[in-house]
Amino acid sequence: MSFLEWRKFNFFDIIHDADSKKISQTIGSSKITSTSSGHGHLVTCDDDGLVHLITRTFQVTTFRAYQSAVLLSTQLQYSSFLVTIGEDEPDTNTILKVWDLERRDRQSTPICIRSTKLPKSEKPTTLCVTDNRLLMAVGFVDGCIALFKGDLSRDRNSKPKMLKELGQGITGMAFKCVNKDQWYLFVSTASSVQQFNVTSKDSCPMTVLDAVGCDFKCSVLVNGPDSHFMIAKEDAIYCYTVDSRGPCYVVGGQKIILQWFRNYLIIVSKEKGKPLNAITVSTTTKLSDEIESISITVLDIQNKFIIYTTTMPDILSVLPEWGSLYILTTKGCLSQLIEKDLQSKLTVLFKKNLYDVAVRMAKCQQYDSQALIDIFRQYGDHLYTKGDHSGAVEQYIKTIGKLEPSYVIKKFLDSQYIDSLTTYLHALHKSGNANKDHTTLLFNCYSKLNSLDKLQEFIVTKDENIDFDVDVAIKVCRQSSPENALALAEKHSRHSLYIKILLEDRHEYTSALEYIEKLSIEQSIQTIKQYSNIFMENVPKDTVSFLKKLCSTCYTTTNVDLSGNLAQPEDFIYLLLDDSECLVDFLEHFDNFFDKWSTSLLNTYIEHCLIVWKNENNQEKRSIIENKIVNILQSADIKTCDYYQVLILATSFEFKPAIVYIFERNKQYSKLIRYYLSLYDYIGAIECCRRYGHIESKLWILLFNTAMVDDMFPPFMLEEILNEIERKSLLSAHFTITSLAKSKTINIGHVRAYLTSLFGAEKKTLEKDKEMVDKYQKDTETLKHTIEKLKNCAVVFQGLRCSACNNQLELPSVHFMCQHSYHQHCFQAFSESDDDCPACTPNNKQIMDIIRTQGQIKDYNEAFHSQLERATDSFSLISEYFGRCLFDDLSTVENQLAKSKLVSSPVVLSPKPVAPVVQTPPRLSPILSVKTIQQPNTNPFDEDGEDMEYDDNKNPFNDEYDESKNPFADDS
């Protein structure tokens, strides 16, 4: 399609900024040499070496980049880096600089982070940088290309790689990333287009794409996954991929600028003569018709229409930024092109009934699916109004799944539109959005059109891409031909409907069972559950046999994943609840798998066995059922039995074996005794006591209490009960005799042997206690005599050897009243205290610890009362506590012992006569206490008292002392 045949619209609004005068005043008389945009700035450079940064609010910041002119500039789109090429001095190599616009010095000038002199003196014509800042290329007027690799902000010393010289000036360049790490460089000259593979490290192979070139600013790279490198010639726009030439768009005119914005191609071209449909924005009041004007055109290449066109004087550059297009003239005037929103565009298209264009535009801009459906609906309504019903149905079909089908169906209910309605309903079924009513309506349409063959074909030879309600189809065929309905149900696996036709229409129950048997296990279970009542009413035996086969698989399968989906016997118990014999027969088919039965299934089986046992009159059969139930309960493999539920069932049916077994299993012997007694089975009760009396002694007490109040209790069993109570001391003799005396049925003849034995044992106990009393009285008298002797008589120490080292005693020595004697140095070495005998201290400590422990024990009132409740002889326990002084105050006992310490009191003998001293510490171990006694001097070394003259010759230490040997003596 020629460019002249494209539809034209006005989807942009142009705004002339009043602030553009400020921009032109800032630039002044300087000539703009380069422009760029990105990262929130519009960048203009002039021939005075200045760079002007324009913000969104049209605030201009100017800084000097070069002393002479700025030739080229590129602002990175997603980075704050600005790359410029300019001259500091004429006739020298140009310099490449990288500026960081976010970093400023003290004068608020961007910091130059890299400055590199280009390797050639020729004038550079093009500059291209990748957004990741790893590749940069500079094209020269002589056809050379300098390729820089590495981070352009860091690799200052990296040398550029010179690519193959093309012989003509470079007019355009662009980098394209094909894969993640594979980059290509498109290069255009005045007469050729080629690409370089710049990923290779060693060389960059070149591929010539076309022998057609372009002028400066007439090439651009289209963004996107299917991007192209475009060049503009007077006759057309040419597109290229990395491999070959792409599509071509016929657009006439002399192009001077080519730019890409969003999905649009912007073309700036020169035209002679003022076009009639142009919108002139020049400030000149009168213009000649032959004046040369510059037009700007925005093309939607994908949808092939012109969305905006106008003429302006002296367009220097078109800069995309901030979601708009900015047009800069050579005089520094800036205009803004703002794209209208999508809804406004669609409104314009709807007014012109250009729904096909609206659909393409909405799809191109990824419009909301629901809104796109609304466009299809409006398009269909438009075609329906024009009388194009087939076209309208085609658009309505695109709304299936979003638009309510009734909206469309109402329009075509007239008989003259039945063909269109059939087409829509067929598409509705094909998309899988039809319901029962739609299927019925479609069948009626086929009937009205006399298209029975199509109906049969639609039903029987169902297309895989067409979905319809098979149940409705079967229902329709069932009314006219049950055979076809059966065939359709079988083909589409409507097993339930197939069985329903066999049972209700043809009454073939056996055939239905045979058909179910052919199905899979899951399908068989589902179908038999649905029609089980009908089968049981008409063919009960065949149904039970089938259920046995069906349920056997759940116990025989080894696939764990399928076991949960198999038929379980409990799923069909409700069918046999009215016939206990049939139910028992059904469940006994699985009696080899008792260990896999559930609790509810086992309880149900036992319950109906009890029902059969209750109704059975044949004693032999009753015994068989009894043994069967007991064997089930006693089986070690059964772990799911609810014995409490079975106990309730056995009690309600008075089934004694199960009751006795469960009580014994649960070790509820007391309840078992009561159960025997409730049945007046005294022999069974006493047998239970004999078996479990050693485990639970209170069974004999329970039986004894029953014998005291039960008039029917056999008296001959009482003797055994009393003997066990006496042997195990379960009750006190007093309580037993009192209970016997209160009984109205027990006389003394029944318990004569027990009383004789009891009184004989009591007599022996009294005699033994009397002997112990006499022994304790004798020991007490002996202790009293010893204490009296210690109080009134002197204590003679006759020990000749030390109790510690067993050597002959020498002075000084230490003697204790417990008749232990020590050398003084031995006593000091072995004694833990100066007042206690080392030999007696361990025993004394042990006695004191016992007293303290008894004192602590007596504080435990709960323990005492607990022992008192369990004790058979309470008086003996209380006497024991009194005998252990557990009712006395511990401090009183200790003070009494402290006063009575004389057994371990030391007496020190030294060469000089020393009176024996008895010290009383605060805490002592001996039990006896005596007063301090002054004894006469019995020192064998003290011969005649103090008047006796001492003989120095007998002193072994009386030697003359040599003072010179004293190391501590004074030197004087």
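Residues numbered from 1 in each chain as written. Predicted model: local features only at pLDDT ≥ 70, side-chain atom pairs only at ≥ 80, totals over all residues. Heavy atoms only, no water.

## Here's the deal with unusual backbone geometry
- For the bond running from Leu811 to Pro812, omega is -5°, close enough to zero to count as cis.
- Mapped onto the elements of the fold, Pro812 is located in the loop between α28 (752-792) and β30 (813-816).
- Despite not being glycine, Arg133 has its phi angle at roughly 65°, a positive value.
- Position of Arg133 among the secondary structure elements: in the loop between β11 (124-129) and β12 (135-140). (Helix = DSSP H or I, 4+ residues; strand = E, 2+ residues; numbered from the N terminus.)

## Digging into the packing of helix α4 (residues 369-386) against helix α5 (residues 389-397)
- Two elements in contact, α4 and α5, have axes whose closest approach is 8 Å; the angle formed by their N-to-C orientations is 170°. In this view, α4 runs roughly antiparallel relative to α5, as classed from their interaxial angle. For the pair α4 and α5, the contacting residues are Phe376, Arg377, Tyr379, Gly380, Asp381, Leu383 and Tyr384 in the first and His389, Gly391, Ala392, Gln395 and Tyr396 in the second.
- Among the residues forming the contact of α4 with α5, the class breakdown is six nonpolar, four polar and two charged. (Axes fitted to C-alpha atoms, helices over the stretch in contact; angles between N-to-C directions. Parallel < 35°, antiparallel > 145°, perpendicular 65-115°, else oblique. Contact = heavy atoms within 4.5 Å. Nonpolar A, V, L, I, M, F, W, Y, C, P; charged D, E, K, R; others polar.)

## Considering the sheet that holds strand β16 (residues 183-188)
- As summarised here, the arrangement of the four strands in space is β15-β16-β17-β18, forming an open sheet in which the pairing is antiparallel. A strand with exactly one partner marks an edge of an open sheet, and here the two such strands are β15 (172-177) and β18 (206-210). For this sheet the average axis-to-axis angle between neighbouring strands, irrespective of direction, equals 25°.
- Sheet topology places β15 next to β16; six bridges connect them, and they run antiparallel. Each residue of the ladder has a partner; that of Met173, found in β16, is Val187. (Pairing = 2+ DSSP bridges.)

## A few points about the packing of aromatic side chains
- In this structure the tally under the stated criterion is 21 aromatic pairs.
- Plain terms: the ring middles of Tyr682 and Phe713 are 5.3 Å apart, the flat faces sit at 80° to each other, and that makes the pair edge-to-face. Within this pair, whereas Tyr682 is found in helix α24 (residues 682-692), its partner Phe713 is found in the loop between α25 (698-709) and α26 (718-728), the two being separated by 31 residues in sequence. In this structure, Tyr682 and Phe713 share a single accessibility class: buried.
- The ring centre of Tyr66 lies 4.6 Å from the NZ or CZ of Lys97, which sits over that ring. (Phe/Tyr/Trp six-rings, centres within 6.5 Å; stacked < 30°, edge-to-face > 60°. Buried < 20%, exposed > 50% of the residue type's maximum accessible area, 1.4 Å probe, protein only. Lys NZ or Arg CZ within 6 Å of the ring centre and 35° of its normal.)

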